[in-house]
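Structural characterization, general
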Amino acid sequence: MIPFVSFEAMNTQIRGQIMQKFESFYDKRWYVLGEEVRAFEQEYAQWNKTQHCVGVANGLDALYLSLRVLGIGVGDEVIVQSNTYIATALAISYVGATPVFVEPRIDTYNLDYQLIAAKITPRTKAIMPVHLYGQICEMEQIKQIADKHNLYIIEDNAQAHGSTHKGRLAGSWGHLNGTSFYPSKNLGALGDAGAVTTDSAELAQKISVLRNYGSEKRYYNEVKGVNSRLDELQAAFLRIKLPYLAEWQAERLQIAAWYFEGLKDIKEIILPKTAQDVTHVFHLFVIRTPKRDELQAFLQKNEIGTVIHYPIPPHLQEAYRDLGFAKGAFPIAEELADTSLSLPLYIGMNRLQVEEVCQTIGKFFR
């Protein structure tokens, strides 16, 4: 059996440190917004080459709070790609704004910057590029468009920790940038966790207040905030994992290289492509084929786990029926939803396992 994802190798590697940290945490008896959160915020900001990091409860909240502090709300529009996970669109909806979908590039699966300008209206307030599957969007071009039209940029960096465009890291381009540390991410906690990165001290301070009931000083509430604090224990676990990230990223790149080698001669599938001047960190290894569903069933029969990211694009979800989109409104997003399949890729996966996946895919098409 080859699972789609496994935490066994990663957890075994750091088990001793995790257990030691838990005992220390337990004995200190400071469980909310303590020294672990403060230390992780400093360490992650330094790693991501931003001035500030504010820990929050999850990636969705990171995006939602970013929109709120920028004053985006009812009547405003936010441009976002049409093939994103629904959390990105939900954050926009939570502040009362409207998501305006733009198609992705068919080859990289990321936002097609050449289509953005046509969707800008007087109501447009921000662009929210989503770095899907481990690859940063073409941020230099997106930033040029945003600057020209005086728009905010909020990066959805949940899947691309460490990816770069022209040497600059994902999560360091926008006015505010939301990230997720969901357990399956390249940098994952042992539960829900997220953060906002920014170079603005003012915006970081506003996020810090908003995440904690709108309060900087206990029982004194400046604004109507929420309870979205990074858990102290999850921050402690993330501090342990962060120094290993470069090693784990290198392992992901090696696994991806094995996949490229093993699948290069199978003409019936389309392999992932990396954009020019971009580095990919392969949060996911996504192939495409019109026979996706049959291939997934065949792999499952042969005890190989796969996942479809994502089977229904946001504009066709029942939750967004009010936007009035019918099938065919965003054909590239829909084609990706119908043909994409994510193959197993996790720390500890070895070459023989990758070769088995590749050989089984080849067997299916033969």
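See the structure shown above.
The shown structure was predicted, so the numbers you read here are calculated from the model rather than taken from an experiment. (Residues numbered from 1 in each chain as written. Predicted model: local features only at pLDDT ≥ 70, side-chain atom pairs only at ≥ 80, totals over all residues. Heavy atoms only, no water.)

**Focus: the pattern of salt bridges**
Tallied over the full model, the rule gives 18 salt bridges. The partner of Lys-273 in a salt bridge is Asp-107, with the nearest N and O atoms 3.5 Å apart. Taken together, the residues Lys-273 in the loop between α8 (245–263) and β12 (285–288) and Asp-107 in the loop between β3 (98–102) and β4 (124–128) connect sequence positions 166 residues apart. Relative accessible area serves as the criterion here: at 44%, Lys-273 is assigned to the partly exposed category. (Salt bridge = Lys/Arg side-chain N within 4 Å of Asp/Glu carboxyl O. Helix = DSSP H or I, 4+ residues; strand = E, 2+ residues; numbered from the N terminus. Buried < 20%, exposed > 50% of the residue type's maximum accessible area, 1.4 Å probe, protein only.)

**Structural notes on the packing of helix α3 (residues 59–69) against helix α6 (residues 201–211)**
Direction vectors running N to C along α3 and α6 enclose 120°, while the axes themselves pass 10 Å from each other. Remark: the crossing between α3 and α6 carries right-handed chirality. Where α3 abuts α6, its residues Leu-65, Ser-66, Arg-68 and Val-69 lie against Leu-203, Lys-206, Ile-207, Leu-210 and Arg-211. In terms of residue class, the contact of α3 with α6 is built from five nonpolar, one polar and three charged. (Axes fitted to C-alpha atoms, helices over the stretch in contact; angles between N-to-C directions. Left-handed = near helix turned anticlockwise from the far one by under 90°. Contact = heavy atoms within 4.5 Å. Nonpolar A, V, L, I, M, F, W, Y, C, P; charged D, E, K, R; others polar.)

**A short note on the pairing of strand β13 (residues 340–343)**
What you see with β13 is no split at all: Ser-340 and Ser-342 on one side and Leu-341 and Leu-343 on the other are buried throughout. Pairing analysis gives four bridges linking β12 to β13, with the strands arranged antiparallel. Looking across to β13, one finds that Arg-288 is bridged to Ser-340. (Pairing = 2+ DSSP bridges.)

**Section: helix α5 (residues 139–148)**
Residues of α5 that are buried include every one of Met-139, Gln-141, Ile-142, Ile-145 and Ala-146, and no others. End-on view of α5: buried residues confined to an arc of 160°, all on one side of the axis. Where α5 is buried, its residues contact β4, β5 (152–156) and β6 (164–165). Just beyond α5, the residue with positive phi is Asn-150, at close to 60°. (Arc of directions from axis to C-beta.)

**Remarks on the nonpolar core**
Leu-67, Ile-72, Val-78, Met-128 and Ile-207 are the most contacted members of the largest nonpolar core, which has 40 residues in total. Contributions of two or more residues to this core are made by β1 (52–56), α3, β2 (77–81), α4 (86–94), β4, α6 and α10 (331–339). Ranked by the residues each element gives to this core, the list is headed by α3, at six residues. With residues up to four places along the chain from it excluded, the contact list for Ile-207 reads Val-54, Val-56, Leu-65, Ser-66, Val-69, Leu-176 and Val-196. (Core = buried A, V, L, I, M, F, W, Y, C linked by side-chain atoms within 4.5 Å.)

**Focus on the sheet that holds β1**
On the basis of which strands lie adjacent, the open sheet formed by seven strands has the order β1-β9-β8-β5-β4-β2-β3 and mixed pairing. The sheet is open, and its two edges are formed by β1 and β3, each paired on a single side. Across this sheet, the average inter-strand angle for adjacent strands is 25°, counted without regard to direction. Note: β5 against strand β8 (residues 176–180), three bridges, orientation parallel. The residue bridging Ile-154 from the neighbouring strand is Leu-176, located in β8. Together, β4 and β5 form the strand contacts of α5, whose direction differs from that of β5 by roughly 150°.

**Some remarks on the environment of Leu-65**
Summarising the element assignment, Leu-65 is placed in helix α3. In this structure Leu-65 comes out as buried when scored by relative accessible area, which is 0%. With 145 residues separating them in the primary sequence, Leu-65 and Leu-210 have C-alpha atoms 7.3 Å apart. With residues near it in sequence (within four places) discarded, Leu-65 still touches Val-56, Ile-207, Leu-210, Arg-211, Val-226 and Ser-228.

Note that all results are geometric; they support no functional claim without further evidence.
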